[in-house]
Amino acid sequence: MASTNPLIFRLPLAKKGLRSRVLHAGALSAVAAAVLLSACSSKEAAPEPVRSVKLLTVGEGQIQSQLEYSGDVRARVESRLGFRVAGKIVKREVEPGQHVKAGQVLARLDARDYQLSADAARAQVASATTQRDLAAADVKRFGALRAQNFISAAEMERREASLKAAQATLDQAKAQLAAQSNQENYTLLVADADGIVTSVNAEPGQVVAAGTPVMGIAQDGARDAVFSVPEDKRAAVRIGQGVRITPWAGEQPPLEGQVREVAASADPATRTYQVKVALPGQAALPLGATIRAQPQGMNAAGQAAIKLPTTALRQEGGGGQGTAVWVFDAASSTVRLQPVQIATADGNEAVIASGLAPGMQVVATGVHVLTPGQKVTVYRDKYAKNPAQTKEGHAPDAPETVGAGGVKAAEGSR
C-alpha cells in the first residue's frame, strides 16, 4: 500500500529539479564559450566601395572681381565741445542735426557760483584802488615836504615804496577779476565754427566736469570719404593715391579723390586700418552718406590666375597641412591629397596661389568622403544632351574644365 506521507514524494522530485538546473547551467556555459570563440575569430573586412567623383581640369582664368570697400562721408574737422569749467547744465539751446553759426550759444551751466566769485573779485579791485589812491596822495604830500627839507630822503623813499606796493596789489586784484569774469563766461558753451550738431552727450540737469564732451560739431567745409582696409592691404595704400568714390544712393556720378591719411595703427576691435580720402570741393555729398571706394592700383581684375570652386577645397585639421584638394591620378584611378595656398577670393571661387599646375585634375565635390589612395571612377552625366559624342566626335570622357569664364560641364554619359 502506497505511503501518503508527502516527504516520501518530495525527495525524489527535489533531486530531479537539482539535476535539471545543473544541466541547464552547463548548456549556458557551452553557448557562452561558443560566442566568445566566435567573437575572437577574425572576419574579413568589407571591400571599400569605389566612389564616383566629378573632376575639374585645372586651367588659368582671369580674375573678375574688383576690390571695393564701403565707407561713409565725414567732415574734415569734427570737434567734441565741452565746458571749460565744471557745473550743472541748466539749458540746451540746440538739437542734433541743427546747423549752427560761430559764436552761437549751444548750452548753459548754472553760473551763480561764478557770478559770486566775480563780485568778490570786483570788491577786491575797489579796495586795492582805494589803497593805491591813498598811497599816491601820501607821496604827493610828502614830496612837497621833501622839497622844503622838512623830511628825510629815507622817509620819502618809504612813501614811494608804499605806493608801488599798493599799485601791485591793485594789478593783482584786476587780474583776479578778469579770471573770474572768464570763469563766468565759460558757463556758456559756444560754437567755435559754423557746422552741424552731430551728437549730444549731456542733458539739462546733469553735472559735468571741466572738459567733458557735451556736443559734437562737424564743421562746414571740406569732406572726407572714410573706409577701412584689412591688414594685408595696408601696404598697398599710399598718401596721394587716387580712389574712385561712388555714392551708394542717388544718381550722382562717381568722384575722384585722393588718399589724405592712413591710420598708423589698427583699430583694436576690427583690426583694420582707417583710410581718409579727400573729396573734391564740388562734391555735394551729405554727412554720413554711404559710399563705395575703389583704390587705384589695387584691383586684380583681368590678371591670370588658377581658380577653384570652394566645394573642391578640403580643410585639414592638424598636421599643419591647412587647405588641400584631391588630385586624380588617371594611371591608377586613385586620388591623393595635394596641399594648396589660397591667395584671395573671386566671387564664389578661390584663387590658388600655389600647389596646382594647369592640366591637373582635381575632385570638384564630395571631398570629405575620400581617403588617400582610394580607388575612384569618373562621374559622367547620363542626362547630357549629346550622350553619343562631343563636338570633336569622340566619346565624352573629359571631366569639367576650370578656366576663363568659370566652370564648363563636359557632356557625356556613363
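Residues numbered from 1 in each chain as written. Predicted model: local features only at pLDDT ≥ 70, side-chain atom pairs only at ≥ 80, totals over all residues. Heavy atoms only, no water.

### Overview of unusual backbone geometry
Condition: Only DSSP runs of H or I with at least four residues qualify as helices, and only runs of E with at least two residues qualify as strands; both kinds are numbered from the N terminus onward.
The backbone of asparagine 149 shows a phi angle near 60 degrees, a positive value even though the residue is not glycine. By secondary structure assignment, the location of asparagine 149 is in the loop between α2 (112–147) and α3 (153–185). At serine 333, a position not held by glycine, the phi torsion is positive, near 55 degrees. Within the fold, serine 333 resides in the loop between β20 (323–329) and β21 (334–339).

### Some words on the nonpolar core
This is how the line gets drawn: Side-chain atoms within 4.5 Å link the members of a nonpolar core, which is a set of buried Ala, Val, Leu, Ile, Met, Phe, Trp, Tyr and Cys residues. Think of it in three bands: residues with accessible area under 20% of the maximum for their type are buried, residues over 50% are exposed, and the middle band is partly exposed, with areas taken using a 1.4 Å probe on protein chains only. By definition, residues are in contact when any of their heavy atoms lie within 4.5 Å.
Judged by nonpolar contacts, the single largest core of 22 residues is most densely connected at Phe227, Ile245 and Val275. Setting aside residues up to four positions removed in sequence, isoleucine 245 forms contacts with Ala225, Pro254, Leu255, Leu279, Ile291, Arg292 and Ala293. Counting 18 residues, the second largest nonpolar core, distinct from the first, contains Val94, Leu106, Val197 and Ala202.

### Looking at the packing of α2 against α3
Test applied: Interaxial angles span 0 to 180 degrees and are taken between N-to-C directions of axes, which are lines fitted to C-alpha atoms, for helices over the stretch in contact. In these notes the angle categories are as follows: under 35 degrees is roughly parallel, over 145 is roughly antiparallel, 65 to 115 is roughly perpendicular, and the rest is oblique. Each crossing gets its handedness from the near helix: less than a right angle anticlockwise from the far helix is left-handed, clockwise is right-handed. Note that Gly is not counted as nonpolar here; it falls among the polar residues with everything else outside the nonpolar set of Ala, Val, Leu, Ile, Met, Phe, Trp, Tyr, Cys and Pro and the charged set of Asp, Glu, Lys and Arg.
One way to put it is that α2 packs onto α3 with a least axis distance of 8 Å and a crossing angle of 165 degrees. Relative to α3, the element α2 lies roughly antiparallel. Classified by chirality, the crossing of α3 by α2 is left-handed. Taken together, the residues of the contact of α2 with α3 break down into 16 nonpolar, 13 polar and 9 charged.

### Here we look at the sheet that holds strand β17 (residues 290–295)
Backbone hydrogen bonds hold the strands of a sheet together, and the pairing may be parallel or antiparallel. Short version of the rule: Two strands pair under a simple rule: DSSP has to find at least two bridges between them.
Taking strand neighbours around the barrel as the criterion, the 6 strands line up as β4-β13-β16-β15-β14-β17 in a closed arrangement whose pairing is antiparallel. The sheet shows a mean angle of 45 degrees between the axes of neighbouring strands, direction not considered. As judged from the 5 bridges shared by strand β14 (residues 242–247) and β17, these two strands associate in the antiparallel manner. Note on β17: the bridge partner recorded for arginine 244 is glutamine 294.

### Regarding the pairing of strand β23 (residues 349–354)
One ladder, built from 4 bridges, connects strand β18 (residues 304–309) with β23; its direction is antiparallel. Its bridge partner lying in β23, lysine 307 is registered against valine 351. Relative to β23, strand β22 (residues 341–346) runs antiparallel, the two sharing 5 bridges. In the strand pairing of β23, glutamine 341 is matched with serine 354. Counting the residues in the hairpin turn of β22 and β23 gives 2 residues, including glycine 347, whose phi is positive at 70 degrees.

### Observations concerning the pairing of strand β15 (residues 255–262)
Two faces, one strand: in a regular strand the side chains alternate between the faces of the sheet. Alignment of β14 against β15, held across 4 bridges, turns out to be antiparallel. Pairing of valine 243 across the sheet is with glycine 257, part of β15.

### Things to note about the pattern of salt bridges
Spelled out, the test is: We count a salt bridge whenever a side-chain nitrogen from Lys or Arg sits within 4 Å of a carboxyl oxygen from Asp or Glu.
All told, the structure shown has 16 salt bridges when counted by the stated rule. Glutamate 68 is the salt-bridge partner of arginine 292, the closest N and O atoms lying 3.6 Å from each other. Separated by 224 residues along the polypeptide, arginine 292 in strand β17 and glutamate 68 in the loop between β3 (60–62) and β4 (69–75) bring together distant segments of the chain. For arginine 292, a relative accessible area of 24% puts it in the partly exposed group. Arginine 92 is the partner of glutamate 203 in a salt bridge, and the nearest nitrogen-oxygen pair spans 3.1 Å.

### Observations regarding the side chain of threonine 246
Tracing the sequence through the fold places threonine 246 in strand β14. Beyond its immediate stretch of four places on either side in the chain, threonine 246 contacts Pro254, Ile291 and Arg292.

### Things to note about the environment of glutamine 315
So the rule is basically this: We call two N or O atoms a polar contact when they sit within 3.5 Å, provided that within protein one can donate a hydrogen and the other can accept it, with sequence-adjacent residues counted only if both atoms are side-chain atoms.
Tracing the chain through its elements places glutamine 315 in strand β19 (residues 314–315). In this structure the C-alpha to C-alpha distance between glutamine 315 and valine 325, which are 10 residues apart in sequence, comes to 8.7 Å. When neighbours within four sequence positions are excluded, glutamine 315 is seen to be in contact with Gly322 and Thr323. A distance of 3.0 Å separates a polar atom in the side chain of glutamine 315 from a polar atom in the side chain of threonine 323.

### Points about the sheet that holds strand β7 (residues 99–100)
Sheet architecture is open: 4 strands sit in the order β5-β12-β10-β7, paired in antiparallel fashion. Either end of the sheet is taken by a strand with one partner, and the two such strands are β5 (78–81) and β7. Relative to strand β12 (residues 215–219), strand β10 (residues 195–200) runs antiparallel, the two sharing 5 bridges. Residue pairing across strands places serine 199 opposite glycine 216, the latter belonging to β12.

### Description of the UniProt feature "coiled-coil region" (unreviewed entry) in the chain
The test is simple: UniProt positions are given in the numbering used here, feature names are shortened, and annotations may be inferred rather than shown by experiment.
Summarizing the sequence annotation, UniProt attributes the feature "coiled-coil region" (unreviewed entry) to residues 156–183 in the numbering used throughout. Annotated as residues 156–183, this span is 100% helix and 0% strand, and its ends, taken at the C-alpha atoms, are 41 Å apart.

### Things to note about α2
Rules: Here a helix's expected span is defined as the number of its residues, less one, multiplied by 1.5 Å.
For α2, spanning 36 residues, the distance from its first C-alpha to its last is 53 Å, which sits close to the expected 52 Å at 1.5 Å a residue. For α2, the set of buried residues is Tyr114, Ala118, Ala121, Val125, Ala128, Ala135, Asp138, Val139 and Phe142. The inward-facing, buried residues of α2 contact α3. Asparagine 149 sits one or two positions beyond α2 and adopts a positive phi of about 60 degrees.

### As for the confidence of the model for the chain
Using the following cut-off: In predicted models, pLDDT denotes the confidence assigned by the predictor to each residue on a 0 to 100 scale.
Summary statistics for the chain give a mean pLDDT of 81 and a share of 78% for residues scoring 70 or more. In the predicted structure, residues 1–19 sits below a pLDDT of 50 and forms 2 contacts with residues beyond four places in sequence or in another chain. Below a pLDDT of 50 lies the segment residues 387–398, which in the model reaches 14 contacts outside its immediate sequence neighbourhood of four places, other chains included.

### Things to note about the environment of tryptophan 248
Within the secondary structure, tryptophan 248 is located in the loop between β14 and β15. You can call tryptophan 248 exposed: its relative accessible area is 56%. Put simply, tryptophan 248 and threonine 290 are 42 residues apart on the chain and 5.5 Å apart in space, counted from C-alpha to C-alpha. Sequence-distant contacts of tryptophan 248, defined by excluding residues within four places in its chain, comprise Thr290, Ile291 and Arg292.

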